[in-house]
Every structure is written in C-alpha cells, then in structure tokens.
Amino acid sequence: MESQADIEVPWLAEQIELLRRARLGARFPPALLIHDQRGAGGLWLGRHAAQLALCRGPQPPCGQCRDCRLFLAAQHPDFIVVTTIEDSKQIRIEQIRELTGQLTLTAHGGGATVALIAPADALNANAANALLKTLEEPRAGVTLILVASVPSLLPATVLSRCQRLRTGTPSRAQSVAWLERRKGPGPWPAVLDVVGEAPFEAIQFDPVDVARLAAETFNALTDLASGRSGVAGLAERWARGENFELRLACIETWLTACIDRAAGTAGESQELRTGAHLPGPGWDMNIAALLRLLDGAYELRRLRLTSINRSVALEQLLWQLPRTLRATAS
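Report follows, based on the coordinates.

Thresholds, definitions, all that
- Residues numbered from 1 in each chain as written.
- Predicted model: local features only at pLDDT ≥ 70, side-chain atom pairs only at ≥ 80, totals over all residues.
- Heavy atoms only, no water.
- Helix = DSSP H or I, 4+ residues; strand = E, 2+ residues; numbered from the N terminus.
- Buried < 20%, exposed > 50% of the residue type's maximum accessible area, 1.4 Å probe, protein only.
- Areas by Shrake-Rupley, 256 points an atom, 1.4 Å probe, with all protein chains shown as cover.
- Lys, Arg positive; Asp, Glu negative; His and termini not counted.
- Charge placed at Lys NZ, Arg CZ, Asp CG, Glu CD.
- Phe/Tyr/Trp six-rings, centres within 6.5 Å; stacked < 30°, edge-to-face > 60°.
- Arc of directions from axis to C-beta.
- Contact = heavy atoms within 4.5 Å.
- 1 Å grid on protein atoms, 1.4 Å probe; cavity = no way out; pocket = protein on both sides within 12 Å on 5 of 7 lines; lining within 4 Å.
- Points joined across faces, edges and corners; volume = space filled by probe spheres on them.
- Nonpolar A, V, L, I, M, F, W, Y, C, P; charged D, E, K, R; others polar.
- Core = buried A, V, L, I, M, F, W, Y, C linked by side-chain atoms within 4.5 Å.
- Axes fitted to C-alpha atoms, helices over the stretch in contact; angles between N-to-C directions.
- Parallel < 35°, antiparallel > 145°, perpendicular 65-115°, else oblique.
- Left-handed = near helix turned anticlockwise from the far one by under 90°.

### Brief notes about the overall build of the chain
A count of helical and extended segments in the chain gives 14 helices and seven strands. The burial tally for the chain puts 49% of its 330 residues in the buried class. For the chain, the exposed area adds up to about 16,000 Å²; of that, 51% sits on carbon and sulfur atoms. Each charge class in the chain can be summarised by its mean position, and for the 35 positive and 34 negative side chains these summaries are 3 Å apart.

Here you go:
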C-alpha cells in the first residue's frame, strides 16, 4: 500500500521535512494553513500533513499502522474533509457547523482528529466566522488543515490563528521529470506550456491530446490574425467543443507568447513551445491591446461556468485579434 510519503515530490521536500520534524517533536500545529500555488500540490501536502497527524507509528507517516491503512483506504473515521459541494463556489456555514459538531466528539480510535478544509478560500464570511470558535478553542487532539490559493480572502482573525506553510513552485525540469515518473513519457512540456508550472493539474490530462489541441489552437489563431479564417465559425466550434477551459488556456498561452515577443522577452518569462505558430517579425503588435485581450480571456475563463453565452463571448474576444495584430509585411 502506497503511503503519501512514498510519492516523491521534490519541490515540496523542505515543507515535508518541516512537518515531519514538527510531528516528531510534538510541535505539530493545531491549525495549519497551506498557501498553495496552483497545481503545485497544496492539497497533496495537506493530505500528507493529515496522515502525519493521524499516524501513530514510530516514524510517521509509516503507511503500515492501523491509522495509516485506514487513511490510505479513505476510511479513517477521524479524518474529515470539507470542500465545496457539487457546482457551488463556496463552503457554507452549514458545512462548518456540521464540522464543529463532529470535532467536539472524542476520536473513534482514541488518537487524533484531523479536518482538511480545501479550498479554504472558498469559505464564505459566515462559514469563516463559524470556524473561528473552533480555531480559538480547539479540543485537545484536533488538527485543522486549511489549503488556500488566495489566503487574503480569509478574515485576518482566521489567518492569525494558523501557522502558515507555503508550497514551493516546481521548475520545468522538476515538473516534467515528476510527470514522466507518475504517468510515463509524453509531450509534457507542451501541456505545461498551456497549464503553467502546475504538474498536479497537468497530470489530469492526456499529454498527446493537449499537445494536439494546443497546436491546433495556435495555428487557428495565427490564421485568424492573418485574415485567412473567419471568427464566427471558429468561435461557435470552440464554444461547443469539449475542453473549453483548456482551449481558453491555450488562447492565453498564445497571447502571452505574443506579448513576450512584442516586448522583446520571448522565452524569458516562460518556456513556450509556440514559436513556429506565432506571428513573425513583420507584425506590428500592440502590447496594450494584447494585454486587454489577455484580460478578456482570463475573464471568460472565470465566467465559463455561469449562464454566459460562450459562443458570443468568445466571438467578441476573437474579433479583436486581427486589429490587435496588424501585419506590416507585404
């Protein structure tokens, strides 16, 4: 049975060691806030911390004791996970009240009780306030682990009662090596070009499919900017197709590469593999307009799960592309 500790995550080695030392020294925090970088493994680290707190072996997390076996089988009665429900974007007060009631009870196994709240920055104001009492007066043996990408969304009263631990950001080489170990060889750099240095996000995808989608998107955007294809049909097809969010990420990647090239920093801000698909030196690129387009792509990705008309919104975004990239070459 594979323990969390058996999965090597090199860029989190320092954080793992800090938690291990705290556990062995009986200094494990009753409230831990993990500041996650998107796709860098904050939730994985939160689960690792939970296993550390629950394990009663001599070298936690041992992966062999009863607590570890129950934890790894997702059957530990004293491990509670609170997250958003279905399509909700918030963790609600009713969920925290239920958690508070559970935390007042004695642990089933006579050991620790651990609650993992993720994403903690999804706590609405009432839920965060309800959690505060537990943070202020925790029962002995209770550990609260919060995982948040934007801790500033949490009230200062909650933040002040948590010990913070920030995840590391992997290098491109670390990300690729980790993905290859976990899922085998593939065009992982192309996936990371699209999703960023977020290996825990990249691992969810088939790298060949993502590389194909990215190449198709980059070529289509170049044709669109050149006036070789129409906007309406492209927007309709993309809006109705699968992987709409991933398609938007490809658009963001392409626009970012255009901005880098226009600013004379291509290849410096991120390792992109889109050079063959970008407008050449004969193009006059308006950086300010490109930045507005990129903001529009970010906003569309944020609104994609609302009732917004995807096709119309995407068409409005793409219509601006030919005007933003003006060809000066004959």
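### Quick word on unusual backbone geometry
Of note, the bond from Pro-60 into Pro-61 is cis; its omega dihedral lies within 30 degrees of zero at -5°. Topologically, Pro-61 is positioned in the loop between α2 (42-54) and α3 (66-72). With an omega of -5°, the peptide bond between Ala-118 and Pro-119 qualifies as cis. Looking at the secondary structure, you find Pro-119 in the loop between β3 (113-117) and α5 (125-136). Backbone geometry places Ala-74, a non-glycine residue, at a positive phi of 60°. Inspection of the secondary structure assignment puts Ala-74 in the loop between α3 and β2 (79-82). By relative accessible area, Ala-74 is classed as exposed at 69%.

### Thoughts on the packing of aromatic side chains
Per the stated rule, a full pass over the model turns up four aromatic pairs. Between Trp-11 and Phe-200 the ring centres are 6.3 Å apart and the planes differ by 80°, which places this aromatic pair in the edge-to-face class. Here Phe-200 lies in helix α9 (residues 199-202) and Trp-11 lies in the segment before α1 (13-24), a separation of 189 residues in the sequence. For the pair shown, Trp-11 and Phe-200 are each scored as buried.

### Quick notes on helix α4 (residues 93-103)
Regarding α4, the residues found buried are Ile-93, Gln-95, Ile-96, Leu-99 and Leu-103. Looking down the long axis of α4, one finds its buried residues gathered within 155° of arc, a one-sided arrangement. For α4, exposure combined with an orientation more than 90 degrees from the buried face picks out Glu-94, Arg-97 and Glu-98. The secondary structure elements touched by the buried residues of α4 are β2, β3, α5 and β4 (142-148).

### Quick word on the layout of surface pockets
It is the rolling of a water-molecule-sized probe over the atoms that shows where space remains empty. Taken as a whole, the largest pocket encloses approximately 1,300 Å³ of empty space. Elements supplying a minimum of two residues to the lining of the largest pocket: α2, β4, α9 and α13 (287-303). Among the elements that take part in the lining of the largest pocket, α2 stands out by supplying three residues, more than any other. Looking at side-chain class alone, the lining of the largest pocket contains 13 nonpolar, eight polar and twelve charged residues. When its volume is computed, the second largest pocket comes out at roughly 370 Å³. Lining the second largest pocket are 19 residues, and of these Arg-38, Val-194, Val-195, Glu-252 and Arg-301 lie nearest its centre. Broken down by element, the lining of the second largest pocket gets its largest block of residues, seven residues, from helix α12 (residues 244-263).

### Considering the nonpolar core
Membership of the largest hydrophobic core comes to 72 residues, with the highest contact counts inside it found for Leu-255, Leu-314, Leu-318 and Leu-321. Element by element, the count of residues in this core is highest for α12, at ten residues. The residues touching Leu-318, leaving out its near neighbours within four places in the chain, are Leu-221, Leu-224, Val-231, Leu-234, Ala-235 and Trp-238. Core analysis: the second largest hydrophobic core is formed by 26 residues, Leu-103, Leu-135, Val-142 and Leu-159 among them.

### So, the packing of helix α10 (residues 207-225) against helix α11 (residues 231-240)
Packing of α10 against α11 leaves a shortest axis separation of 11 Å and a crossing angle of 160°. In terms of orientation, α10 and α11 fall into the roughly antiparallel class. The two elements α10 and α11 meet at a crossing, and its hand is left-handed. Residues Glu-216, Thr-217, Ala-220, Leu-221 and Leu-224 of α10 pack against Val-231, Leu-234, Arg-237 and Trp-238 of α11.

Remember, this is a structural readout, not a statement about activity or role.
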